[in-house]
Amino acid sequence: QDQYYAKQAQFYDNIICQKVQDALKQQREAKMRLVDFHRENQTKESTREWDLNRKDILKIEPPLGSIESTLRPSSLQKFEGEDVTAADRRDLQIKQQRTWIEKQKQEKQDRKNQEVQESVEYSGLLKRQQAVQAYAEMELNTSRKHLQSEIAQANKELAESKRQRELLHKSDEAKLNEEEINATLSSERLNENPVLAVHSNQPWRVRTDHWKGMADDEKDKIRQYQQTQRVEAEEIKANNLQMENMYAQHTEYARRYVTHAAHQFETMKEQQRVNNRDFLKTQMQEKDARDKHFNEVVNTNYPTEDFFNQFGTSHR
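The structure contained in this document is the topic of the report that follows. None of these values were measured; they are calculated from a predicted model. (Residues numbered from 1 in each chain as written. Predicted model: local features only at pLDDT ≥ 70, side-chain atom pairs only at ≥ 80, totals over all residues. Heavy atoms only, no water.)

## So, the overall build of the chain
Right, so step 1: When its secondary structure is counted, the chain shows 7 helices and 0 strands.
Right, so step 2: Helices (α) and strands (β) of the chain occur, in sequence order from the N terminus, as α-α-α-α-α-α-α.
Right, so step 3: Here the chain, with 316 residues, has 5% of them falling under the buried criterion.
Right, so step 4: Taking all contacts inside the chain whose residues are at least 6 apart in sequence as the whole, residues at least 24 apart take part in 42%.
Right, so step 5: When the accessible surface of the chain is summed, it comes to about 28300 Å², and 55% of that surface belongs to carbon and sulfur atoms. (Helix = DSSP H or I, 4+ residues; strand = E, 2+ residues; numbered from the N terminus. Buried < 20%, exposed > 50% of the residue type's maximum accessible area, 1.4 Å probe, protein only. Contact = heavy atoms within 4.5 Å. Areas by Shrake-Rupley, 256 points an atom, 1.4 Å probe, with all protein chains shown as cover.)

Encoded structure:
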């Protein structure tokens, strides 16, 4: 599907490139025709200024005074340099301009029609290309969905077969384990049956090839030692727990002490701030009182004449 889609895209790209090249070729041909038209029809003699600038105008159209006529100089009909064909020339120029304008309008309309036609063709080509692309995408999506469903079904079958194999393996392993357990439980040699350990001729002897166990007193010693180990382990565990509790208790005491000290420190700081504020307030009040005293009492208490007379002088 991807290869088919790529081939279709390349095909339509080639068609579009060919259309663009044809349009450029038509534009070049139109410009060449315009240049040929200018070269053939718009010569120097056909311009509107040619009659005014041509050098042989007096030879072709001599002045009226030099032409044999019945008019006399006193008739005011003969003037040197008079252009008697100006009206006809203007009419001819107007007709030429009208003709040129009509041709230009027609050429412009033809170009517009051609552009519209090319646009219609190009839009049709794009529509066909889009239709082919949509069909290719639909086919691709369909094939992808079909492939995905097949892959999902295959994965499902593989998962089911794997599950069946695992179940079968577990069942076989369980059977083998069960057989091994039964063989172990039913084997008197592996279970070390004491009957097999008794010597047939000497009952007080133990056959080591049939009995690999220990005596009852040895087993009791081992059990007692294991019990001792368990008790010691419990005691160690209890001691560790007690130490952890003591550490946690001391940590809590330390935290509370630090918190209480920090609280007391903050309280002391706050009390110091209050005391400082009260002290500053007291100082400000005392300063206001001193200033008031100096302004109202000291600075207004001027010395009298009796103060100076006690020194035996009348001047100050």
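## A word on the packing of aromatic side chains
Right, so step 1: What the rule picks out here adds up to 1 aromatic pair.
Right, so step 2: Aromatic pair Phe11 and Tyr12: ring centres 5.4 Å apart, planes at 75°, arrangement edge-to-face.
Right, so step 3: A relative accessible area of 45% means that Phe11 is categorised as partly exposed.
Right, so step 4: Residue classification places Tyr12 among the buried positions, given a relative accessible area of 10%. (Phe/Tyr/Trp six-rings, centres within 6.5 Å; stacked < 30°, edge-to-face > 60°.)

## Section: the pattern of salt bridges
One side chain can pair with another of opposite charge once the charged atoms of both are near each other.
Right, so step 1: Taken as a whole, this structure holds 8 salt bridges when the rule is applied.
Right, so step 2: Between Glu252 and Arg256 there is a salt bridge whose closest N-O contact spans 3.1 Å. On the criterion of helical spacing, the pair formed by Glu252 and Arg256 is a turn pair, its members being 4 residues apart in helix H6 (residues 216-298).
Right, so step 3: When the shortest N-O distance is used, the salt bridge between Lys287 and Asp291 registers 3.0 Å. Residue Lys287 and its partner Asp291 are both found in helix H6; the two are separated by 4 residues, about one turn of the helix.
Right, so step 4: The class for Asp291 is partly exposed, based on a relative accessible area of 32%.
Right, so step 5: Each member of the salt-bridge network shares a partner with another, and the members are Glu252, Arg255 and Arg256. (Salt bridge = Lys/Arg side-chain N within 4 Å of Asp/Glu carboxyl O.)

## Remarks on the side chain of Gln129
Right, so step 1: The topology assignment puts Gln129 in helix H4 (residues 86-186).
Right, so step 2: Note on Gln129: relative accessible area 10%, which makes it buried.
Right, so step 3: Excluding anything up to four places from it in sequence, Gln129 contacts Tyr12, Asp13 and Ile16.

## As for the packing of helix H1 (residues 2-41) against H4
Right, so step 1: Between H1 and H4, the least distance of the axes is 10 Å, while the angle of their chain directions is 175°. The angle between H1 and H4 places the two elements in the roughly antiparallel class.
Right, so step 2: A per-class count over the contact of H1 with H4 returns 12 nonpolar, 5 polar and 8 charged. (Axes fitted to C-alpha atoms, helices over the stretch in contact; angles between N-to-C directions. Parallel < 35°, antiparallel > 145°, perpendicular 65-115°, else oblique. Nonpolar A, V, L, I, M, F, W, Y, C, P; charged D, E, K, R; others polar.)

## Comments concerning the layout of surface pockets
Right, so step 1: Its boundaries defined by the atoms lining it, the largest pocket holds a volume of some 780 Å³.
Right, so step 2: In terms of lining residues, the largest pocket is bounded by 21 residues, among which Ala30, Arg33, Leu34, Glu107 and Arg111 are the most central.
Right, so step 3: At the level of secondary structure, the elements contributing two or more residues to the lining of the largest pocket comprise H1 and H4.
Right, so step 4: For the lining of the largest pocket, the element with the most residues is H4, which contributes 11 residues.
Right, so step 5: Residue composition of the lining of the largest pocket, grouped by class: 5 nonpolar, 6 polar and 10 charged. (1 Å grid on protein atoms, 1.4 Å probe; cavity = no way out; pocket = protein on both sides within 12 Å on 5 of 7 lines; lining within 4 Å. Points joined across faces, edges and corners; volume = space filled by probe spheres on them.)

## A closer look at H1
Right, so step 1: With 40 residues, H1 should cover 58 Å at 1.5 Å per step; its first-to-last C-alpha distance of 58 Å lies within 8% of that length.
Right, so step 2: For H1, the complete set of buried residues consists of Tyr12, Ile16 and Ala23.
Right, so step 3: Where H1 is buried, its residues contact H4. (Expected span 1.5 Å × (residues − 1).)

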